[in-house]
Amino acid sequence: MVYKLYSPVRIWHVFQVLLTLYLLIRKRDRFLLFSPLGPARLVDTITSLGASFIKLAQVLATRNDFFPSEYLNALKMLHDELPAMSQTTMQHVFERAFKTNPFVKFNTTPIASASIGQVHEAWLDDGVKVAVKLRREGIERQVKADIRILTAFNQLFRPLFSHYTKHSIEAVIVEFSSMILKEVSLNHERANLIKFSQTYAHMGVRFPCTYEELSCDDALVMRFEEGFRFDDRRSLEACGIDIYPIIDTLVSFYTEQMLVKGYFHADPHPGNLLISKEGQLILLDFGMVKRVPNETRVAIIELIKAANEQDYERYVNASKRLGTVAYDAPVSELAEFTESMFEIFNNDTLDSASMQELAFEVLEKTRNLPFKLPQEAIYILRVSAIIEGLGTTYIENFNGIKDILPILQKNIPRALGAKESILETLIDEFRQFPLDIKAFRDSIYKISEENLSVELSKRQLEVLEKRLAAKVSSVSITLGLMLGAIFLVNYDKHYEDFALLLFGAGALRLFFLRSKR
């Protein structure tokens, strides 16, 4: 089993995939004797590697600034679908999960088979139809092995990247590794589903009920939900279902998740979103559920307000707080880029394909700008891209700026903590007032005692760390040259000329370092 997890063929395929991704990000045609895989072969290789790399590629496919359009389009077509387990393997997992068979009927042919598990139809003794998700045999060991291989190769390629790109890639790997380890636990998915059902019971969205007494880490038993896939336009139209209120419900639901509650379903692809014959939205598969830190929520809200008002400088500043733009990035240059993108997406005469083509042209000119991908923003961006993709299925030229933001704007007061009524808000502010007075007095006292401390944000610390590292590196090289010269002279007088050259180079570097101050 260990040999299979770390087989030379598998490691070679991982190397090919990661090298291709890194070459594309770096805009290079080759590295030594190696060239990147073509889009179709890249997708085939990723599919053959299974769960970990399919999900990693799906996350990376949200980064328009990383990849050329032909690769992005290929990666977006990547589906988390794999052949089912053999009957023998499936039976082994089933018997481990259920000591005695609780079903009067169990369909051994799965209705869906993905990288983490497969879903079967079954019936309980009271005639209730249920969905039984069985975890794929050995998937946890496979995922842990893949993370080790991925981390090792990232260390190998790490020196090839700039400071910002390096941190973006590491953020993707760290976040991805954390998420997929949770996703392979069906106990974790069951806990997510229960909490989601309780938190969003008021949203008019249906969630499957779980049978906790029948579930374990290898099997999750849920009520079977009937409905049409979100993107099955023909069936929805045949049943006379009006999709527009459902899209509005979906956007409002995700606004509530990401901006108000800070707890969201991170994988809303069409297979996980069903629509019942009555026109109710049904959400499935709770393996990927994320929390949004409060500071991230506030930054997103600022982004929405700035986008809605087309305030480009404020949009860039909010992006810095979110962490998608480096803290020391030039505001004016980025504001110009943002304005160009807004003009494209606000142009009613363009279709989706033309919008994408123009956007890629603008992005091509900004490859060297210090964009980043913070760990907490990865799945937020991915969800936003998926929701926008679902909207384009039914609404021509549907895009985040023109269609989503006005709906989200209505929820900003609640997201910032405002109460449902003005009276509730006034009562809440009145209760808070004595605490605000005390905080103000404490601040005045600290200032008078010269004891006021200033706390730097994470983004500011990153900039200081980068600048300090650059300074230390320059000084280290200078000292190394000068100390090396002294060592050579003491070691052998015949090296005097070379030592003098080294010392002169060190002194020259020191002069330039001082002149830069």
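In case you missed it, the structure is sitting above this.
Anyway, here's the lowdown on the structure attached to this text. (Residues numbered from 1 in each chain as written. Predicted model: local features only at pLDDT ≥ 70, side-chain atom pairs only at ≥ 80, totals over all residues. Heavy atoms only, no water.)

**Some remarks on the overall build of the protein chain**
Next up, step 1: Looking only at helices and strands, the protein chain features 21 helices and 10 strands.
Next up, step 2: Relative to its full complement of 517 residues, the protein chain shows a buried share of 45%.
Next up, step 3: Partitioning the contacts of the protein chain with sequence separation of at least 6, the portion at a separation of at least 24 is 67%.
Next up, step 4: When the accessible surface of the protein chain is split by element, carbon and sulfur atoms take 56% of a total near 27600 Å². (Helix = DSSP H or I, 4+ residues; strand = E, 2+ residues; numbered from the N terminus. Buried < 20%, exposed > 50% of the residue type's maximum accessible area, 1.4 Å probe, protein only. Contact = heavy atoms within 4.5 Å. Areas by Shrake-Rupley, 256 points an atom, 1.4 Å probe, with all protein chains shown as cover.)

**A look at the sheet that holds strand E9 (residues 281–283)**
Next up, step 1: On the basis of which strands lie adjacent, the open sheet formed by three strands has the order E6-E8-E9 and antiparallel pairing. Edge positions in the sheet fall to strand E6 (228–229) and E9, since each of these pairs with one other strand and no more.
Next up, step 2: Taken together, the two bridges between E6 and strand E8 (residues 273–275) define a ladder with antiparallel strand orientation. Its bridge partner being in E8, Phe228 is matched across the sheet by Ile275. (Pairing = 2+ DSSP bridges.)

**A look at the side chain of Asp218**
Next up, step 1: Take Asp218: it is sitting in the loop between helix H9 (186–199) and strand E5 (219–223).
Next up, step 2: On the basis of relative accessibility, which here comes to 11%, the residue Asp218 falls in the buried class.
Next up, step 3: If sequence neighbours within four positions are ignored, Asp218 has contacts with Val93, Arg96, Ala97, Lys133, Leu134, Arg135 and Leu186.

**Quick look at the nonpolar core**
Next up, step 1: In this structure, Phe196, Phe207, Phe230 and Phe253 are the most contacted members of the largest nonpolar core, which totals 52 residues.
Next up, step 2: Of all hydrophobic cores here, the second largest spans 39 residues; its members include Leu18, Leu21, Ile149 and Phe176. (Core = buried A, V, L, I, M, F, W, Y, C linked by side-chain atoms within 4.5 Å.)

**What to know about the pairing of strand E4 (residues 129–135)**
Next up, step 1: Judged by how many residues are buried, E4 sits mostly within the fold: six of seven residues are covered.
Next up, step 2: Bridging between strand E3 (residues 117–123) and E4 involves seven bridges; their strand directions are antiparallel. Looking across to E4, one finds that Trp123 is bridged to Lys129.
Next up, step 3: Linking two consecutive strands that pair antiparallel, namely E3 and E4, is a turn of five residues; a positive phi of about 85° is found at Gly127 within it.
Next up, step 4: Pairing analysis gives five bridges linking E4 to E5, with the strands arranged antiparallel. Considered in E5, the bridge of Lys133 is made with Leu220.

**Here's the deal with a nonpolar patch on the surface**
Next up, step 1: Residues Val475, Leu479, Leu483, Ile486 and Phe503 make up a contiguous nonpolar surface patch of roughly 450 Å² in combined accessible area.
Next up, step 2: Top contributing element to the nonpolar patch by residue count: helix H20 (residues 458–491), with four residues. (Patch = residues over 30% accessible without salt bridge, like charges linked within 9 Å, V, L, I, M, F, W, Y side chains within 5 Å. Salt bridge = Lys/Arg side-chain N within 4 Å of Asp/Glu carboxyl O.)

**Observations concerning the pairing of E3**
Next up, step 1: Judged by how many residues are buried, E3 sits mostly within the fold: six of seven residues are covered.
Next up, step 2: Two elements, strand E1 (residues 105–106) and E3, share two bridges in a ladder whose sense is antiparallel. Among the inter-strand pairings, Lys105 is bridged to a residue of E3, identified as Trp123.
Next up, step 3: Strand direction decides the pairing type here: strand E2 (residues 112–113) and E3, joined by two bridges, are antiparallel. Within E3, the residue paired with Ala112 across the bridge is Val119.
Next up, step 4: The antiparallel pairing of E2 with E3 creates a hairpin that spans three residues between the two strands.

**As for the packing of helix H3 (residues 39–49) against helix H5 (residues 69–76)**
For any two helices packed against each other, the geometry is given by the interaxial angle and the distance between the axes.
Next up, step 1: Packing of H3 against H5 leaves a shortest axis separation of 9 Å and a crossing angle of 35°. As for the relative orientation of H3 and H5, their crossing is right-handed in sense. Within the contact between the two elements, H3 uses Pro39, Leu42, Val43 and Ile46 and H5 uses Glu70, Tyr71, Ala74 and Leu75.
Next up, step 2: Residues that form the contact of H3 with H5 fall into these classes: seven nonpolar, no polar and one charged. (Axes fitted to C-alpha atoms, helices over the stretch in contact; angles between N-to-C directions. Left-handed = near helix turned anticlockwise from the far one by under 90°. Nonpolar A, V, L, I, M, F, W, Y, C, P; charged D, E, K, R; others polar.)

**Remarks on the pattern of salt bridges**
Next up, step 1: For the structure shown, the criterion picks out 15 salt bridges.
Next up, step 2: Lys144 is paired through a salt bridge with Glu140; the nearest N and O atoms lie 3.6 Å apart. In this pair, Lys144 and Glu140 are both assigned in helix H7 (residues 139–157), four residues apart and thus about one turn of the helix distant.
Next up, step 3: Look at Glu140 and you get partly exposed, because its relative accessible area is 32%.
Next up, step 4: Put simply, Arg233 and Glu237 hold a salt bridge, and the shortest N to O gap is 3.0 Å. With Arg233 and Glu237 both in helix H10 (residues 233–238), this residue pair falls four residues apart, about one helical turn.

**Describing the side chain of Glu225**
Next up, step 1: Relative to the assigned elements, Glu225 resides in the loop between E5 and E6.
Next up, step 2: The class of Glu225 is buried, set by a relative accessible area of 9%.
Next up, step 3: A polar atom in the side chain of Glu225 sits 2.6 Å from the side chain of Arg223.
Next up, step 4: If sequence neighbours within four positions are ignored, Glu225 has contacts with Arg206, Phe207, Pro208, Leu274, Ile282 and Leu284. (Polar contact = N/O pair within 3.5 Å; in protein donor to acceptor, adjacent residues only side chain to side chain.)

**Here we look at unusual backbone geometry**
Next up, step 1: Of note, Asp285 is a non-glycine position whose phi angle comes to about 60°, a positive value.
Next up, step 2: In this structure, Asp285 sits in the loop between E9 and strand E10 (289–291).

**Here we look at H5**
Next up, step 1: Those residues of H5 that sit buried are Tyr71, Leu72, Ala74 and Leu75. Down the axis of H5, the buried set is contained in an arc of 165°. They therefore lie on one face. (Arc of directions from axis to C-beta.)

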